[in-house]
Amino acid sequence: MSSFQKRVFSGVQPTGTLHLGNYLGAIKNFVELQKEFECIYCVVDQHAITVEQNPAELRSNTLEVLASFIAAGVDYKKQIIFQQSSVAEHSQLAWVFNCVSRIGWLNRMTQFKDKAGKNKENVSVGLMVYPNLMAADILAYLATHVPVGDDQKQHLELSRDIAQKFNNDFKVDFFPLPEPLIYGNATRVMSLRDGTKKMSKSDASEFSRILLTDSDDDISSKIKKAKSDSDLIPDNKDQLQNKPECLNLINILSACSNESIEKTLVSYAGKEYSKLKNDLADKLIQVIGPIRTEILNLLNNKDELNKVLDMGSEKASTIAGPILKEVYKIVGFR
Ligand code: TRP
C-alpha cells in the first residue's frame with residue numbers, strides 16, 4: 001500500500017441541483033483535501049443513467065455540478081475535474097471488473113436492494129453493476145483515498161474486494177486498496193422536515209432541503225419553517241439524540257462554523273429555537289451566498305465550462321490511459 005502515491009478520487013452524480021447535504025457532506029471536503037492531496041473529481045454521468053434520465057436535464061445538471069465544484073473552491077487548474085463519459089478508460093476498466101467482481105457480492109449491496117425493491121427483474125443491468133463501474137472510476141487512477149458519505153461505504157469496500165481479487169488472481173501488486181475518508185460533523189445532513197431522513201434531492205417537499213442556488217430569502221424561510229419542537233434547546237449532546245431535528249440544526253451550524261457540536265451547544269443551551277434559527281439562517285446566507293453567485297456566473301458562460309471539462313478529460317486520460325494499458329497486459333489482451 002505504501003508504495004502507491006497518495007491520490008484522491010471522488011464522484012458526484014449529475015441528477016439535480018446540489019443541496020446543503022452535498023456541500024457539507026462532500027464538496028466542502030473536496031476543497032479541504034486539495035491542500036494535502038492530488039485530487040481528481042468526476043461528474044459521474046454514466047452512473048446517473050443507471051436509472052432513467054431526461055437527456056437535456058442530464059446535460060445541464062452536468063454543467064451545474066461542475067459549476068458547483070468550482071464555485072465551492074475546487075481548483076480546476078491544479079486538480080482534475082471532468083465528466084466520466086468522456087474518458088473511455090472508465091468503461092473499459094469496468095468491463096474487466098465485471099469479470100472480476102462476483103454476482104454474490106453485488107447481490108449483497110444494500111443500495112441495490114433498496115433501489116431495486118420488489119422490481120428486481122425489471123431494473124437495468126447497469127444498476128446492478130454500478131459498484132463495478134465505481135471501482136473502475138477509482139482504480140483507473142490507482143487512487144488511494146476516496147471521500148464518501150456513509151451510504152457509499154459498502155460500495156467502497158466492494159472496490160477494495162475487486163482490487164484485492166484482481167491482485168490475487170493475476171499474482172500482481174497492481175491496484176491499491178482504496179480507503180474511505182470520512183470527515184467532519186456534517187457528513188450526514190438531514191431533511192429540514194424530518195430529522196431522521198437524509199436531506200435528499202428526491203424528497204417531495206422543497207422545504208426539506210436548501211439548494212446551493214437558493215436565494216437569501218429562500219434560505220431564511222426554509223430555516224424558519226424547519227421542523228422543531230416547543231422545548232428549549234438542551235444543554236448536552238445526549239439529550240439531542242431523541243431530538244433529531246434539533247441535532248440537525250446544531251450539526252449544520254457547527255459544520256458551517258467549523259466548530260464541534262459541543263461548542264455550538266454552549267451558545268444555545270436553554271435558549272429558544274428562534275435564536276438558533278436566526279443565527280443559522282445568517283450563517284448559511286454567509287456561506288452559500290457567495291457560492292450561489294459564483295454558480296450563476298459560471299452557468300452564464302457554458303463555453304467556458306465546456307472548456308474546463310475538455311481540459312479535465314485530457315488530463316484524466318493522461319493518467320488513466322497508461323494504467324489501463326498495464327491492466328490489459330496483465331489480463332492477457334496483448
Ligand atoms: N456512487 C457515488 C454516489 O452515488 C458516486 C460515485 C461514482 C463515486 N463513482 C465514484 C464516489 C467513485 C466516489 C468514488 O454518490
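Residues numbered from 1 in each chain as written. Predicted model: local features only at pLDDT ≥ 70, side-chain atom pairs only at ≥ 80, totals over all residues. Heavy atoms only, no water.

Enquirer: Sorry if this is basic, but what is going on with the site of the ligand here?
Expert: Near the ligand you find 13 residues, and of these Gln13, Tyr130, Met134, Asp137 and Gln152 are the closest. Interatomic distance of 3.0 Å between a side-chain N/O atom of Gln152 and a nitrogen atom of the ligand. For the ligand, the accessible surface in isolation is 360 Å², of which the surrounding protein chains cover 90%. Because more than half of its atoms lie within 2 Å of the grid, the ligand is assigned to the largest pocket. In terms of residues, the shell around the ligand owes the most to one element, helix 7 (residues 125-139), which gives 4 residues. (Near = heavy atom within 4 Å. Polar contact = N/O pair within 3.5 Å; in protein donor to acceptor, adjacent residues only side chain to side chain. Areas by Shrake-Rupley, 256 points an atom, 1.4 Å probe, with all protein chains shown as cover. 1 Å grid on protein atoms, 1.4 Å probe; cavity = no way out; pocket = protein on both sides within 12 Å on 5 of 7 lines; lining within 4 Å. Sits in = over half its atoms within 2 Å of the grid points. Helix = DSSP H or I, 4+ residues; strand = E, 2+ residues; numbered from the N terminus.)

Enquirer: What should I look at first to understand the nonpolar core in this one?
Expert: Burial of nonpolar side chains together is a common tendency in soluble globular proteins. If you look at the biggest cluster of nonpolar residues, it comprises 59 residues, and the most contacted ones within it are Leu20, Tyr41, Phe69, Ile252 and Leu284. It is helix 13 (residues 273-299) that contributes the most residues to this core, 11 residues altogether. In terms of domain composition, this core takes at least three residues from each of domain 1 (7-187 + 302-331) and domain 2 (206-296). Beyond its immediate stretch of four places on either side in the chain, Ile252 contacts Leu20, Leu24, Val189, Leu192, Leu280 and Leu284. In terms of nonpolar packing, the next biggest core, distinct from the first, is built from 44 residues, Val44, Phe97, Val146 and Ala316 among them. (Core = buried A, V, L, I, M, F, W, Y, C linked by side-chain atoms within 4.5 Å. Buried < 20%, exposed > 50% of the residue type's maximum accessible area, 1.4 Å probe, protein only. Domains from an automatic or database assignment. Contact = heavy atoms within 4.5 Å.)

Enquirer: Even after reading the chapter, I still don't get the pairing of strand 3 (residues 80-83), so can you show me in this structure?
Expert: Regular strands place their side chains on alternate faces of the sheet. The two faces of strand 3 match: Ile80 and Phe82 on one face and Ile81 and Gln83 on the other face are all buried. Note: strand 2 (residues 38-43) against strand 3, 4 bridges, orientation parallel. Bridging across to strand 3, Tyr41 finds its partner in Ile81. (Pairing = 2+ DSSP bridges.)

Enquirer: Would you mind showing me how to read the pattern of salt bridges here?
Expert: Any two side chains of opposite charge can pair if their charged atoms end up close together. Counted by the stated rule, this structure contains 18 salt bridges. For Lys153, the salt bridge goes to Asp150, with nearest N and O atoms at 3.7 Å. Owing to a relative accessible area of 36%, Lys153 belongs among the partly exposed residues under this scheme. We note a salt bridge from Asp214 to Lys222, for which the minimum N-O separation is 2.7 Å. The exposure class of Asp214 is buried, given its relative accessible area of 5%. One salt-bridge network, held together by shared partners, links Asp150, Lys153 and Arg188. (Salt bridge = Lys/Arg side-chain N within 4 Å of Asp/Glu carboxyl O.)

Enquirer: What is the right way to read the environment of Trp105 from this model?
Expert: Examined against the element boundaries, Trp105 turns out to sit in helix 5 (residues 103-107). Given the relative accessible area of 17%, Trp105 is considered buried. Measuring from C-alpha to C-alpha, the distance between Trp105 and Phe9 comes to 23 Å, with 96 residues separating the pair along the chain.

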